[in-house]
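Residues per chain are reported as follows:
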Amino acid sequence: MLEPSTPVQYVKGIGPRLAEILGAKGIHTVDDLLHYLPFRYEDRLNPRTIAELRAGEMATVIAEVRTSGLFRTRRMPIFQMTAGQGRTRLRCIWFNGTYLKDKFKPGQMVALYGRVEDSRGELELKQPQFEILGESDGEAADQKAAASLEIGRIVPIYETAGQGRLTSRWFRRVIHKTLESLTPDLPEGIPSAIRKRLNLVPPREALWRVHWPDEGESMQTLMNWRTPAHIRMIFEELFFIELGLELKRRQQKAQTGIAFELNDRVRDAIKKILPFHPTGAQKRALKEIAADMQKPFPMRRLLQGDVGSGKTLVAFEAAIIAIESGHQVALMAPTEILAQQHYFSARRILEPSGYRIVLLTGSLEDDRKRETRRHIAQGNAQLVIGTHALIEQKVEFAKLGLVIVDEQHRFGVLQRFKLMRKQDGHVGTGTSNGHVGTGALSEPALSDRTKKGSRMGPAERSSANSSAQTHRSSTTSAAEPDVVVMTATPIPRTLALTLYGDLDLSTLDEMPPGRTPIVTKRVGDERADEVWHFVRKHVTAGHQAYVVCPVIEESEDNELKAAMKMYSELSKKVFPDLSVAVLHGRMDPDLKERVMRLFQEGKIQILVSTTVIEVGVDVPNAAVMVIEHAERFGLAQLHQLRGRIGRGAAKSFCILMTGGKVSEEAERRLDEMVRTNDGFKIAELDLAMRGPGEFFGTKQAGLPSFQVASLIRDRDLLELAKKEAAAVIAGPNSEISQAEIDRALKHMRTKWQKTYGLVEVG
Ligand code: ADP
Ligand code: MG
């Protein structure tokens, strides 16, 4: 009998070599293998007759090979095969089909799948997928049994693996065998009341039917992943994810936090700094944040809002609440430029009220750095602004109360889990040992301390704390600091709520007044002269412009070269009479700062830059942006870049220049940019186009995404799963017993550990 946890190499027909190929696909156990679902199905129970085919449809046809052969056109070799049913015939062609040369023998039965096309009055299949029926993969004994898996039923089609070594047919046979020897008692973690309410089929039945659908199943429902078997599997995955998130959220709430005071004095202090009337959305967000801060447990809140919606002001207001109750605040930005900018605006807005602000960046000289750290450790510094990287290195705070993480979208969602995990970790963070624990995204630091933490018991821990640091404040409370994470990649509320189930959510869905929408135009680079003329016109009228240089894949060096080339061309040839400067990531930090400041002060008219200005930079007088080779940028990135303009009252223009070949997908991105300014819409389209893995950066982080669920397709089930999970976490009731809750939690922990590699849930 196979158990779900059995390693795949012990499945008959797999062995160590193939197990390795499967491992590369994330398939390690029987359970993983059974969650490798077909991406489509073929109806080989009622295949179409050739006579019935209509141009334009996707169809499965089973027919006999008649003739085949390779012929060359001037452009490429084409392989042609004619298949027949009785007297009717169907031509199939494959471009560059040399590899098919000896593939087909007359008389063989083949299953073909592809789009039916009309080629000069005759129907043909172009590039169809095919399977020669009854062909064995070298296991003659099984041939007859195997053949029965290929015709006369609805047949699952799997993605191949190992550069085609593991074919769809291979998966079909192996998965079928695995199902046959699978233990009859699979654990059921979903409480029975939920199963009944949602009509969920039992786990074993779901596995069988999702791979081997019943004869009567509708092809349409199968392709939409909405058969009872699919629903069960998708719901199950989402339910246990949501259960984990809900539990985390509960646990966070149960920890000791700081109850900040919000009295009239604090309110006045906030009012005093306001440079303008907050928008309704800003007021609402602050109210939500303030309410959290007053409560005695740690705040974990996501503040999302489109670029330019005014998140910084809300952050400063929250900072005042913390500072006024005698706590320190850390504000972390993803880049040094952005940290500097926050520092400038903090000084402009907060210093007049006497708040003490420090900037901690990598470019400070060692002496200054030491000095700054001392100020932080002694509690003189009330607001500490720096890059994530910098603050997360053991900065000691005297009394850290609030951590604000800006532009969170740079990090993958699973990294965020880690950030939170660290928060929950056993090593005290924040005030308890004087370290900032939040945002510690750098792996080594993280695993180090997490490991250390989990080895220590409470007694050891406090001794480690007391011996740990020199400058420690008198506070030894283990209260966790509050955390606000800000992101400019807004996602629809329902999606955010389910996805960031462990965070509370505030959304700035309103722009500050007086903005005129940005006009976005797409222009081919043969019209560069016109574009530069346009830039000149606006700059001489008193505005400033950005020229963003193209992203060059995998080479920062080349990106730099492109920027320098553009800079020299613009400064020497096109705008010799204007003040043009360049900004890129490799520049000396001091110089970077100077350039940014000069641009902010309006002394630089045209700023040529790489994508370093992508996040957060705020210069309201900049009204024109030219993006070179816009087709190379991702959608979210283009939107972020464009968000640098349109911040003042003047009408702003974003010019997307394209050069060379523009792919179909790039076309869609550019169209969307021209069509809308709405960050929510753009984020949604981006999510749909790239898939959640890339969108949330889980791919880069090398972490698995969902096994079977899809954020786009399965939103309905996601919401359902969240609702049910919350009910389970809320505790036993007339429907669900404590025993069932315990069982569900146990199941969830195993799943999280195994599939998402998250160890410390619950
Ligand atoms: P983001 O949400 O992208 O971080 P910022 O906080 O940088 O946006 O704000 C964008 C611009 O809008 C800044 O110039 C800021 O001063 C301005 N701003 C923010 N709130 C308001 C408001 N309520 N009224 C007018 N201008 C505002
Ligand atoms: Mg910002």
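One can find the structure itself at the top, above this paragraph.
Residues numbered from 1 in each chain as written. Chains lettered and ligands numbered in written order. Predicted model: local features only at pLDDT ≥ 70, side-chain atom pairs only at ≥ 80, totals over all residues. Heavy atoms only, no water.

Chemist: Looking at this model, I keep getting lost on the overall build of the protein. Mind explaining?
Modeler: In terms of helices and strands, the protein carries 26 helices and 21 strands. Counting across all 762 residues of the protein, residues that qualify as buried make up 54%. Taking the contacts inside the protein whose residues are at least 6 apart along the sequence as the reference set, 75% of them involve residues at least 24 apart. Counting every atom, the protein has about 33400 Å² of accessible surface; 51% of that belongs to carbon and sulfur. (Helix = DSSP H or I, 4+ residues; strand = E, 2+ residues; numbered from the N terminus. Buried < 20%, exposed > 50% of the residue type's maximum accessible area, 1.4 Å probe, protein only. Contact = heavy atoms within 4.5 Å. Areas by Shrake-Rupley, 256 points an atom, 1.4 Å probe, with all protein chains shown as cover.)

Chemist: Can you help me understand the packing of helix H10 (residues 280-294) against helix H11 (residues 311-324) in this one?
Modeler: How two helices sit against one another is set out by the angle between their axes and by the gap between those axes. One can describe the packing of H10 onto H11 by two numbers: an axis separation of 10 Å at closest approach and a directional angle of 30 degrees. Our classification of the angle between H10 and H11 gives roughly parallel. In the packing of H10 onto H11, the handedness of the crossing is right-handed. Contacts between H10 and H11 involve Gln282, Ala285, Leu286, Ile289, Ala290 and Met293 from the former and Leu313, Val314, Glu317, Ala318, Ile321 and Ala322 from the latter. A per-class count over the contact of H10 with H11 returns 10 nonpolar, one polar and one charged. (Axes fitted to C-alpha atoms, helices over the stretch in contact; angles between N-to-C directions. Parallel < 35°, antiparallel > 145°, perpendicular 65-115°, else oblique. Left-handed = near helix turned anticlockwise from the far one by under 90°. Nonpolar A, V, L, I, M, F, W, Y, C, P; charged D, E, K, R; others polar.)

Chemist: How do you make sense of the environment of arginine 153 when you look at a structure like this?
Modeler: Mapped onto the fold, arginine 153 is located in the loop between helix H3 (143-147) and strand S8 (154-157). Its relative accessible area of 25% is what places arginine 153 among the partly exposed residues. Taking the C-alpha atoms as reference points, arginine 153 and glutamate 42, 111 residues apart in sequence, are found 8.4 Å from one another.

Chemist: Even after reading the chapter, I still don't get unusual backbone geometry, so can you show me in this structure?
Modeler: Of all residues except glycine, most have a negative phi; of all peptide bonds, most are trans. The backbone of asparagine 199 sits at a positive phi, close to 55 degrees, despite the residue not being glycine. Inspection of the secondary structure assignment puts asparagine 199 in the loop between helix H5 (192-198) and helix H6 (203-211). In this model, histidine 629 sits at a positive phi of 50 degrees, which is unusual for a non-glycine residue. Turning to its location among the elements, histidine 629 is positioned in the loop between strand S20 (622-627) and helix H22 (635-642). Residue histidine 629 is classed as buried on the basis of its relative accessible area of 18%.

Chemist: Could you clarify how one ought to interpret the layout of surface pockets in this entry?
Modeler: Considering only enclosed or pocket space, the second largest pocket measures out at about 870 Å³ in volume. Of all the elements in the fold, those that place two or more residues in the lining of the second largest pocket are H11 and helix H12 (336-350). Ranked by the residues each element gives to the lining of the second largest pocket, the list is headed by H12, at seven residues. Of the residues in the lining of the second largest pocket, the class split is 16 nonpolar, 17 polar and nine charged. (1 Å grid on protein atoms, 1.4 Å probe; cavity = no way out; pocket = protein on both sides within 12 Å on 5 of 7 lines; lining within 4 Å. Points joined across faces, edges and corners; volume = space filled by probe spheres on them.)

Chemist: I would appreciate a short explanation of the pattern of salt bridges in the present structure.
Modeler: Opposite charge on two side chains permits pairing when their charged atoms draw close. Applying the stated criterion across every chain, the model contains 41 salt bridges. The salt bridge partner of aspartate 214 is arginine 209, with a shortest N-O separation of 3.6 Å. We classify aspartate 214 as partly exposed; its relative accessible area is 37%. Members of the salt-bridge network, linked through shared partners, are Arg40, Glu42, Arg44, Glu131, Glu150, Arg169, Arg172 and Arg173. (Salt bridge = Lys/Arg side-chain N within 4 Å of Asp/Glu carboxyl O.)

Chemist: Teacher, can you tell me more about the environment of threonine 487 here?
Modeler: Among the structural elements, threonine 487 can be located in strand S14 (residues 482-487). For the pair formed by threonine 487 and glutamine 304, sequence separation is 183 residues and the distance between their alpha carbons is 4.9 Å.

Chemist: What should I look at first to understand helix H1 (residues 15-24) in this one?
Modeler: Within an α-helix, residues lying three or four positions from one another point in the same direction, as the helix has 3.6 residues per turn. Those residues of H1 that fall on the buried side of the exposure criterion are Gly15, Leu18, Ala19, Ile21, Leu22 and Gly23. Looking at the buried positions of H1, the neighbouring elements they touch are helix H4 (168-180). In the stretch just after H1, glycine 26 is the one whose phi turns positive, near 80 degrees.

Chemist: For this particular structure, what's the right way to read the side chain of glutamate 131?
Modeler: Mapped onto the elements, glutamate 131 comes out in strand S7 (residues 129-132). Here glutamate 131 falls in the buried class, since its relative accessible area comes to 9%. In this structure the side chain of glutamate 131 is engaged in a polar contact, spanning 3.2 Å, whose partner is the side chain of arginine 44. Those residues in contact with glutamate 131 that lie beyond four places of it in its chain are Arg44, Met109, Val110, Ala111, Glu150, Ser168, Arg169 and Arg172. (Polar contact = N/O pair within 3.5 Å; in protein donor to acceptor, adjacent residues only side chain to side chain.)

Chemist: For this particular structure, what's the right way to read the nonpolar core?
Modeler: Grouped together as the largest cluster of nonpolar side chains are 64 residues, with contacts concentrated most on Ile14, Phe171, Phe239 and Leu243. Mapped onto this core, the elements with two or more residues apiece are H1, helix H2 (30-34), H4, H5, H6, helix H8 (228-254), helix H25 (715-729) and helix H26 (738-756). With residues up to four places along the chain from it excluded, the contact list for phenylalanine 239 reads Ile190, Pro191, Ile194, Ala721, Glu724, Ala725 and Val728. (Core = buried A, V, L, I, M, F, W, Y, C linked by side-chain atoms within 4.5 Å.)

Chemist: Explanation requested: the site of ligand 1 in the structure shown.
Modeler: The immediate surroundings of ligand 1 are formed by 17 residues, with Gly308, Lys311, Thr312, Arg515 and Asp618 found nearest. Between ligand 1 and threonine 312 there is a distance of 2.6 Å, counted from an oxygen atom to a side-chain nitrogen or oxygen. At 3.1 Å, a side-chain N or O of arginine 647 approaches an oxygen atom of ligand 1. The protein chains hide 88% of the 570 Å² of surface that ligand 1 would expose on its own. The cavity where ligand 1 resides is the second largest pocket. Taken together, the residues of the shell around ligand 1 sort by class into five nonpolar, seven polar and five charged. (Near = heavy atom within 4 Å. Sits in = over half its atoms within 2 Å of the grid points.)

So yeah, pure geometry; function would need other evidence.
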